[in-house]
Amino acid sequence: MLPAKTPTLSRLSLALLLAGAASAAHAEVAIDVIGGSEISFEGLVQADGNWFDNDLADLNGAGANGSDSEFELRRAELVLKGKGPGNIDWVVGYDAKADKYLDVNARYKFGGNGNTFLQLGQFKQPNSLEELSSTRNNDFISKATVTNTFATARRLGAAAGYGDGNWSVTASVFGRELTRNLAHGSGHGVRATWAPVNGEGNVVHLGLSYVDNDTDADTLRLRARPNADLATQRLVDTGTLANTDRLRTVGLEGMWIKGPFKLQGEYYSADVSRYGEGVGDFGGDGWYLSGLWNITGETWGYRSGVPTTGLPDAPASGKWQLGLRYDTLDLDDGRLLAAAVPGGAPRVDGVLGGKQDAWTIGANWYWRSNFKFALNYVMVDSSRYSASAGTVVDDNPNILEARAQFHW
């Protein structure tokens, strides 16, 4: 974070939003047809604000900017897409705010079927319904804690998919992230989805995924923010796990769409294998359940195993949504033993990274074709063993979050 630059970032965000208001409303900008490829340009700008009602930890980084709030240009994504020649699609994306590459890949669709394909480059790995869904249409400002902790996002690799509109199986092999000094470690993953009910405004989705990832540097640290992307503090944290070999994550997915209502949930179980005498493996898990209601009556689509979000039925007044989510994360895999000496601190057998539960209440307003405004209120309950205190410490902050978004 760069608190000193907050006013500049805010002005830049506002300028981009106002500039977009003068542009024609559409989802993408068609550029040209070059070499049989229909090229288009897309973009996404998000500006966020977080207001912290701290309990124990200062979520704003020990008062780095002298207040309990934080404002930041969250994303500035620029994406070139191409359709063709033939059944080839390609994409090159870059986030100017984070200074990193997004999707950079080419895909060949067999028979024009988007669920049967070969793909090379950097792309989101086949796991996590929430991670694979479009960032611009996230139900809540921050993804669920468990998704941010265990889901595997973009990596360089190759993938193959097979299926149709009602089911799919995707497998991949991957290495590090394209941008240097970010995610690394080779691995493989597979995701299977099935929609036993798949009609307009009526969808039942089930999914199962597995990702096996080499921890590469033989160390791993699992930790999570309190459902606030601008918070600098983590309330649950395993610390650095030494002598790690592989991280294996299993994910279960479920989603039900019925008219203007969507119910969605996921469960993750992660196991870290470790080596060395006296070093035990680590296991953590968590889940979330969320519900969303389109007050204005719109519904969702369904394609390639993820929901799709359409435009407002009445662009001038926009689409209004209300949402509620509960998520929980457990990074405890150990126990406290009696002190080695009378009056001493308890001993930790295993890893006590802590537990975190959170309720999120949210409202979204999609206005016309290019704008989205979101407001969330997050209530967090966390507990973690503190070596300095010699006991388990609770920390239960609340956070107000807002987002202004312009996309094309």
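Use the structure listed above.
Residues numbered from 1 in each chain as written. Predicted model: local features only at pLDDT ≥ 70, side-chain atom pairs only at ≥ 80, totals over all residues. Heavy atoms only, no water.

### Quick word on the environment of histidine 407
This is how it is decided: The secondary structure listing takes helices from DSSP runs of H or I that are at least 4 residues long and strands from runs of E that are at least 2 residues long, numbered from the N terminus. Any two residues having at least one pair of non-hydrogen atoms within 4.5 Å are treated as being in contact. Here a polar contact means two N or O atoms within 3.5 Å. Within protein one must be a hydrogen donor candidate and the other an acceptor candidate, and residues neighboring in sequence count only if both atoms are side-chain atoms.
Relative to the elements of secondary structure, histidine 407 occurs in strand β24 (residues 398–407). Taking the C-alpha atoms as reference points, histidine 407 and valine 351, 56 residues apart in sequence, are found 43 Å from one another. With residues near it in sequence (within four places) discarded, histidine 407 still touches Gly43, Leu44, Arg136, Ser369, Asn370 and Phe371. Side-chain polar atoms of histidine 407 contact the side chain of glutamine 405, separated by 3.1 Å.

### Considerations on a nonpolar patch on the surface
We count it as follows: Every patch collects residues that have over 30% relative accessible area and no salt bridge, joining them within 9 Å if they carry like charges and within 5 Å if they are nonpolar side chains (Val, Leu, Ile, Met, Phe, Trp, Tyr). All accessibility values rest on the Shrake-Rupley procedure with a 1.4 Å probe; residue burial counts only the protein chains present in the view. Within this document, salt bridges are pairs made up of a side-chain nitrogen of Lys or Arg and a carboxyl oxygen of Asp or Glu, the two lying within 4 Å of each other.
A cluster of nonpolar residues, Trp51, Leu324, Trp359, Ile361, Leu375, Tyr377, Met379 and Leu400, forms a patch on the protein surface that exposes about 700 Å² of accessible area. For the nonpolar patch, the elements supplying multiple residues, two or more each, are β21 (347–367) and β22 (371–386). The dominant element in the nonpolar patch, judged by the number of residues it contributes, is β22, at 3 residues. Looking at the secondary structure, you find leucine 375 in strand β22.

### Thoughts on the packing of aromatic side chains
Each aromatic ring pair is described using two quantities: the centre-to-centre distance and the angle formed by the ring planes. How we decide: Pairing of aromatic side chains requires ring centres within 6.5 Å, counting the rings of Phe and Tyr and the six-membered ring of Trp. Pairs whose planes differ by under 30 degrees are stacked, by over 60 edge-to-face, and all others tilted. Here's how the labels work: a residue is buried when its accessible area is under 20% of the maximum for its type, exposed when over 50%, partly exposed in between, all with a 1.4 Å probe on protein chains only. We call a charge positioned above a ring when the Lys NZ or Arg CZ atom is no farther than 6 Å from the ring centre and deviates by at most 35 degrees from the ring normal.
Per the counting criterion, the structure on display carries 15 aromatic pairs. Judged by centre distance (5.3 Å) and plane angle (80°), the rings of tryptophan 51 and phenylalanine 71 are edge-to-face. In this pair, tryptophan 51 sits in strand β2 (residues 37–53) while phenylalanine 71 sits in strand β3 (residues 69–83), placing the two residues 20 residues apart along the sequence. Residue class for phenylalanine 71 comes out partly exposed when judged on its relative accessible area of 30%. These aromatic residues form a ring-pair network of at least three members: Phe41, Trp320, Trp365, Trp367, Phe371, Phe373, Phe406 and Trp408. A cation over an aromatic ring shows up here: arginine 107 above the ring of phenylalanine 117, its NZ or CZ 5.6 Å from the ring centre. Geometry around tryptophan 300 places lysine 262 over its ring, the cationic atom sitting 5.6 Å from the centre.

### So, unusual backbone geometry
Here the amide bond leading from glycine 84 into proline 85 is cis, since omega sits at 5°, within 30 degrees of zero. Despite not being glycine, aspartate 218 has its phi angle at roughly 65°, a positive value. Turning to its location among the elements, aspartate 218 is positioned in the loop between β10 (202–214) and β11 (219–220). Residue serine 304 is not a glycine yet carries a positive backbone phi of 55°. Its place among the elements puts serine 304 in the loop between β18 (300–303) and β19 (306–309). Here serine 304 falls in the partly exposed class, since its relative accessible area comes to 34%.

### A few points about the side chain of aspartate 327
Secondary-structure assignment places aspartate 327 in strand β20 (residues 319–337). Ignoring anything within four residues of it in the chain, the contact list for aspartate 327 reads Ala144, Thr145, Asn227, Trp287, Tyr288, Gln356, Asp357 and Ala358.

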